[in-house]
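Letter by letter, the chains look like this.
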Amino acid sequence: MKSSRTSARLLALALGLGLASTALGAAVPASAQTAATPSAATGTSVARYAGSVQEAANNKAFFEAVLKSVAAKRAAQPNVRAVTLYYNASQAPSFRSQISSAASIWNSSESNVKLKETSSGADFSYHEGNDPRGSYAYTNGHGRGYIFLDYAQSRQNDSIRVVTHETGHVLGLPDNYSGPCSELMSGGGPGPSCTNRYPNATERSRVDQLWATGLAHALGTVNRAR
C-alpha cells in the first residue's frame, strides 16, 4: 500500500502480509453482464499486479476486518477449535462455481479454519465486474471487506486458481509473485499457463498455524504487530 517507510516496516510484521491480491482473473460465461466498477473510497485501495506498500496494508486491513467480524460470533463459542468464516457469494453469481470450489479446496487443506457460505451475516463477500485494476481485496476500514473478481482477466488465467488465491489473503497469506506455479500465492507470477489451484504444504501449514488456537491466537498476532 502507499504509505511511509515506517508503515511499511510495521506491515511487514503483520502476519507476513507482503503484497496485495493477484492479477489473476476468473472465468465468466459469455452471457455475463458487465457489473458496475466499485468506487474506491478515500483512504482505501486495491491490489495491483506489481504490488506496493499500500496494497500490503490493504491485505492487512482486510484480514483484520474479517477477524473483527468473526470475534462477535466466536465469543459465543470460545471452546470450539476450528474457526468458521462465513462468506456471501450472491454478488458474484458468475463465479459461484469457482467460489464453491475454492472453499472446498481450503476446507480440505485446513483443520483450524473452515469456510462456509451464508446468505446473511457473512464475514466477507465476493463481488464481480470490470475494473482496469484487476481482481483485488477491498475493505472500507470499518470492519467490512470483499473480494472483487474481474471479468477481463478471465481470458488469461485459471478461474478457480484466482478465487482460491484471493481467498488465501482472507486466511492471512501474502503474495509471492516470484514463487513457482506450485505455490498458490505466486498468483500471476508464473504466467497464465499456470493452473495449479492448491496451496502447497508450506502455505497449508502457515494458515493452520495462524488459526491454531482459534481466533484469540490470530488476534494476538495482529495486536503484536501494531
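This text follows the structure it describes.
What about helix H3 (residues 96–109)?
Here comes step 1: Its 14 residues give H3 an end-to-end C-alpha distance of 20 Å, which sits within 8% of 20 Å, the value for a rise of 1.5 Å per residue.
Here comes step 2: All of the buried residues along H3 are Gln98, Ile99, Ala102, Ala103, Ile105, Trp106 and Ser109. The arc that holds every buried residue of H3, seen down its axis, measures 160°, which confines them to one face. The exposed set on the far side of H3, more than 90 degrees from its buried face, consists of Ser97 and Ser108.

A look at the environment of Asn107
Here comes step 1: Inspection of the secondary structure puts Asn107 in helix H3.
Here comes step 2: According to the relative accessible area criterion, Asn107 is partly exposed, its value standing at 23%.
Here comes step 3: Here the side chain of Asn107 touches Leu115 through a polar contact of 2.7 Å, landing on its backbone nitrogen.

Some remarks on the packing of H3 against helix H4 (residues 159–170)
Here comes step 1: Relative orientation of the contacting elements H3 and H4 amounts to 55°, with a least axis distance of 8 Å. Overall, the two elements H3 and H4 adopt an arrangement that is oblique. For the element pair H3 and H4, the recorded crossing hand is right-handed. Between H3, through Gln98, Ile99, Ser101, Ala102, Ile105 and Trp106, and H4, the contact on the second element is made entirely by Ser159, Ile160, Val163, Thr164, Thr167 and Gly168.

A word on the pattern of salt bridges
For side chains bearing opposite charge, pairing can occur when the charged atoms are close.
Here comes step 1: Applying the stated rule across the entire model yields 2 salt bridges.
Here comes step 2: The partner of Arg96 in a salt bridge is Glu117, with the nearest N and O atoms 2.5 Å apart. Here Arg96 is found in helix H3, whereas its partner Glu117 is found in strand S2 (residues 113–117), with 21 residues between them in sequence.
Here comes step 3: A residue is classified by how much of its surface remains accessible, and Glu117, at 38% relative accessible area, is partly exposed.
Here comes step 4: The salt bridge involving Arg197 is made with Asp158; its shortest N-O contact spans 2.9 Å. In this pair, Arg197 sits in the loop between H4 and helix H5 (201–210) while Asp158 sits in the loop between strand S5 (145–150) and H4, placing the two residues 39 residues apart along the sequence.
Here comes step 5: A residue is classified by how much of its surface remains accessible, and Arg197, at 30% relative accessible area, is partly exposed.
Here comes step 6: Given the relative accessible area of 11%, Asp158 is considered buried.

Notes on the packing of aromatic side chains
Any pair of aromatic rings gets described here by the distance separating the centres and the angle formed by the planes.
Here comes step 1: Applying the stated criterion to the full structure yields 5 aromatic pairs.
Here comes step 2: Between Tyr136 and Phe148 the ring centres are 5.0 Å apart and the planes differ by 20°, which places this aromatic pair in the stacked class. Of the two residues, Tyr136 is situated in strand S4 (residues 136–139) and Phe148 in strand S5; the sequence distance between them amounts to 12 residues.
Here comes step 3: Classification of Phe148 by relative accessible area gives buried; the value is 0%.
Here comes step 4: Through a chain of ring-to-ring contacts, the aromatic side chains of Tyr87, Phe124 and Tyr126 assemble into a single cluster.

About the criteria used
- Residues numbered from 1 in each chain as written.
- Predicted model: local features only at pLDDT ≥ 70, side-chain atom pairs only at ≥ 80, totals over all residues.
- Heavy atoms only, no water.
- Helix = DSSP H or I, 4+ residues; strand = E, 2+ residues; numbered from the N terminus.
- Expected span 1.5 Å × (residues − 1).
- Buried < 20%, exposed > 50% of the residue type's maximum accessible area, 1.4 Å probe, protein only.
- Arc of directions from axis to C-beta.
- Polar contact = N/O pair within 3.5 Å; in protein donor to acceptor, adjacent residues only side chain to side chain.
- Axes fitted to C-alpha atoms, helices over the stretch in contact; angles between N-to-C directions.
- Parallel < 35°, antiparallel > 145°, perpendicular 65-115°, else oblique.
- Left-handed = near helix turned anticlockwise from the far one by under 90°.
- Contact = heavy atoms within 4.5 Å.
- Salt bridge = Lys/Arg side-chain N within 4 Å of Asp/Glu carboxyl O.
- Phe/Tyr/Trp six-rings, centres within 6.5 Å; stacked < 30°, edge-to-face > 60°.

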